[in-house]
Amino acid sequence: MKKIIIDTDIGDDIDDAYALAVAVGMGCFDILGVTTVYRNSLQRARIASALLHALGTDIGVYAGQNYPWREKFCVEPFEEVLADGRPVIPHYSPAFDKMPVQEMPAAQFIARQAELYPNEITVLAIGPFTNLGDVAKKYAASFAKLDRIVCMGGSFKRDKAEWNIRCDPEAAAAVLAGGVPLQFVGVDVTAYTYLDEEDVRAVTAGKGEAFSMLTAMLQTWMRTHPGRRPIMHDVLTVAEVERMFCPYRQCRLDIPLDGPYRAFTCCTERADAPIVSYATGVDRAAFMRFFRRTLEGLQTQKTMV
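Let me sum up the structure you'll find in this document. Here the structure is a predicted model, which means the values were calculated and not measured.

### Things to note about the sheet that holds strand 4 (residues 121-126)
Okay, step 1: Strand order in the open sheet formed by nine strands is 3-2-1-4-5-6-9-7-8, with mixed pairing between adjacent strands. Looking along the sheet, the strands with just one partner apiece sit at the ends: strand 3 (61-63) and strand 8 (266-268). Between one strand axis and the next, the sheet turns through 35° on average, direction left out of account.
Okay, step 2: Here three bridges tie strand 7 (residues 248-254) to strand 8, and the two strands are oriented antiparallel to one another. Looking at the pairing, Arg 252 lines up with Thr 268 of strand 8.

### Some remarks on the pairing of strand 4
Okay, step 1: The buried fraction of strand 4 is high, at six of six residues.
Okay, step 2: Neither face of strand 4 is exposed, since Ile 121, Val 123 and Ala 125 on one face and Thr 122, Leu 124 and Ile 126 on the opposite face are all buried.
Okay, step 3: Direction of pairing for strand 1 (residues 2-8) relative to strand 4: parallel, over a ladder of six bridges. Pairing of Ile 5 across the sheet is with Val 123, part of strand 4.
Okay, step 4: Of the pairings in the sheet, the one linking strand 4 to strand 5 (residues 148-152) comprises four bridges and is parallel in character. Bridge pairing in strand 5 places Ala 125 opposite Cys 151.

### Description of helix 1 (residues 15-26)
Okay, step 1: Across its 12 residues, helix 1 extends 16 Å between first and last C-alpha, which sits within 8% of the 16 Å expected from 1.5 Å per residue.
Okay, step 2: Buried residues dominate helix 1, accounting for 12 of its 12 residues.
Okay, step 3: Three or more residues of helix 1 are buried, namely Asp 15, Asp 16, Ala 17, Tyr 18, Ala 19, Leu 20, Ala 21, Val 22, Ala 23, Val 24, Gly 25 and Met 26.
Okay, step 4: Among the residues trailing helix 1, Gly 27 stands out with phi positive, at a value near 75°.

### Notes on the side chain of Glu 240
Okay, step 1: Relative to the helices and strands, Glu 240 is located in the loop between helix 11 (233-239) and strand 7.
Okay, step 2: Only 3.5 Å separates the side chain of Glu 240 from the backbone nitrogen of Cys 246, close enough to count as a polar contact.
Okay, step 3: Residues contacting Glu 240, with those up to four places away along its chain left out, are Arg 148, Val 150, Gln 183, Val 185, Phe 245, Cys 246 and Tyr 248.

Cut-offs applied
- Residues numbered from 1 in each chain as written.
- Predicted model: local features only at pLDDT ≥ 70, side-chain atom pairs only at ≥ 80, totals over all residues.
- Heavy atoms only, no water.
- Pairing = 2+ DSSP bridges.
- Helix = DSSP H or I, 4+ residues; strand = E, 2+ residues; numbered from the N terminus.
- Axes fitted to C-alpha atoms, helices over the stretch in contact; angles between N-to-C directions.
- Buried < 20%, exposed > 50% of the residue type's maximum accessible area, 1.4 Å probe, protein only.
- Expected span 1.5 Å × (residues − 1).
- Polar contact = N/O pair within 3.5 Å; in protein donor to acceptor, adjacent residues only side chain to side chain.
- Contact = heavy atoms within 4.5 Å.

Any functional reading would require information beyond the geometric quantities listed.
Below, the structure is given as structure tokens:
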């Protein structure tokens, strides 16, 4: 089984939670751990721990960095703010307070796993890049032993600075320069994985603890984002660890840190820029079938257990 670590900002948008469920449901991954990042990583870790418990797994969860290297994080108008300025993560509940989180910091955990399993680990990066940037900076030799990084990030139409890159472009640039092969599934492709009304009804029809939690999180997201459709950016990225639904191209990539293109993912002719692969499209119909089937399979597995 392919060894993976999932680095996530679960608890804001809804797709991280479904991505975690799908990664478990695919049944083809040895998930070594889940790491959390951005704004309030401990609350995110407890959300992930609660969901993994509901899914019937004992995968360890490791809290990482709250603060980007240079950027200031944003707080939404509907979010409660703690005394230290960090927000209460929208999908967090006091019921998660006692969920177990490992003591080791996320970056140290990733580095240690890379040493234990050199050239075997794929990191699935579905949040801002701060944790991975810290590994590249503090544990460079260990970082180089990762097999590859598959990330939900960037926009290769060069029309915007995508969220995960924009939240910490300095860390993203450090990851890009770190020498580990990078596979990007950009927002210009993942935007097609939206859920219509029928899809929402289907993914909320499951029974059991995990589906109750996922449905509650989805309903919270829809209440705080009226008029917007849920988009499964991170679920597609999970699937693309196996390259299931997207064609790819390669380019030399630059992430500018200053000027009007700060945090853009810019293909360049510069000879010293790293070569990456990036998705250029998606078979939406096939992806949606896969997504719904995987969730249905999770319910069957849980029932059998």
